[in-house]
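# Observations on chain architecture
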Amino acid sequence: MVSIVFDITHTTTYRYAKPVKLGEHRVMFRPRDSHDLRVLATDLEVTPPAQDIRMIMDVYSNSVAIVKPADEAQELRFVCTFTVEHTGSRALDLPVDPQARFYPVTYSGEDRIALAPYLPAFYPAEQARLKTWAQSFLDEEGGQTDSREVLVRMNKAIRESMSYQVRHEEGVQSPCETLDKGSGTCRDFATLMIEAARALGYAARFVSGYVYGAELEQADSAGATHAWLQVYLPGAGWIPFDPTNDLIGGHELIRVGVARHASLASPLSGTWTGAPADYLGMSVDVQVRKRSG
């Protein structure tokens, strides 16, 4: 596939009524590079200047910056910039191993050890209902169902049957809450599909990052962080599914972090000390630009 170079700037600003004591912050901003996504440059600017910044790799192998801000400030700003080269993913063309071609998927013993965090339900009380819902995407009358086609159908159904709604509050809806409401954010849709896939025996994980859309750039839209999922199919590997936009692979999804649940892949988290009324809010600005030529 043709490679595309993207320049991304992600700015997060916290505002307070008066200077407050700032604690340690964790910033997950460096993309996960691999054969299809190459990181060309990264930078992190903190205002006021941080006392210390150290990079670590977390338990999911995500790159995380541990930032110790200045002791006190009335405004705290993080500006993450990076440039990546994305060759895209031919997710629907990759061959699946014979033992995983049809549902149910069979994982080898070694695979199951490595996939252990991504197989169990995060919402076990909802698994019975989710399994019933997920089974609606299998072929009828007991025929063999292509294992990847189950996921393609589920991805498309979420996009076509549910309404996207912006929600700035932290947290994620439970899968059944999303089914009942018929609406949610990208992280809600990803969580629903992850848990439904797990109910059918697939290994699935949450992905945070960015999505590129030419219509956003033409409208000079700030855009936002994005969330989707990956499902592991032996032979094809981790396949990206974006139920918010009905995308499967391609160039548009630029991954940053992965985890077994949305709460464990937050782009930015931290602490501060002061009166609750001191917090005036936060703002997020994301710019995703494709280089021409």
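As a reminder, the structure under discussion sits directly above these lines.
First, a word on scope: everything that follows refers to the structure included in this document. Computed from a prediction, not measured in an experiment: that's the story for all the values here. (Residues numbered from 1 in each chain as written. Predicted model: local features only at pLDDT ≥ 70, side-chain atom pairs only at ≥ 80, totals over all residues. Heavy atoms only, no water.)

### Some thoughts on the pattern of salt bridges
Tallied over the entire structure, the rule returns 15 salt bridges. Residue R54 is joined to E24 by a salt bridge in which the shortest nitrogen-to-oxygen separation is 3.6 Å. Of this pair, R54 sits in strand 3 (residues 52-57) while E24 is found in strand 1 (residues 4-27), placing the two residues 30 residues apart along the sequence. One salt bridge in this structure joins D33 and R30, with 3.5 Å as the shortest N-O distance. The class of D33 is partly exposed, set by a relative accessible area of 41%. Among the charged side chains, a network of salt bridges with common partners joins E24, D52 and R54. (Salt bridge = Lys/Arg side-chain N within 4 Å of Asp/Glu carboxyl O. Helix = DSSP H or I, 4+ residues; strand = E, 2+ residues; numbered from the N terminus. Buried < 20%, exposed > 50% of the residue type's maximum accessible area, 1.4 Å probe, protein only.)

### Some points on helix 2 (residues 127-135)
One turn of the α-helix equals 3.6 residues, which is why residues spaced by three or four share an orientation. Burial in helix 2 covers these residues: Q127, L130 and A134. All buried residues of helix 2 project into a common sector of 65° when viewed along the axis, lining one side. Within helix 2, the exposed residues directed more than 90 degrees away from the buried face are A128 and T132. On its buried side, helix 2 packs onto helix 3 (147-161), helix 4 (175-181) and helix 5 (186-199). (Arc of directions from axis to C-beta. Contact = heavy atoms within 4.5 Å.)

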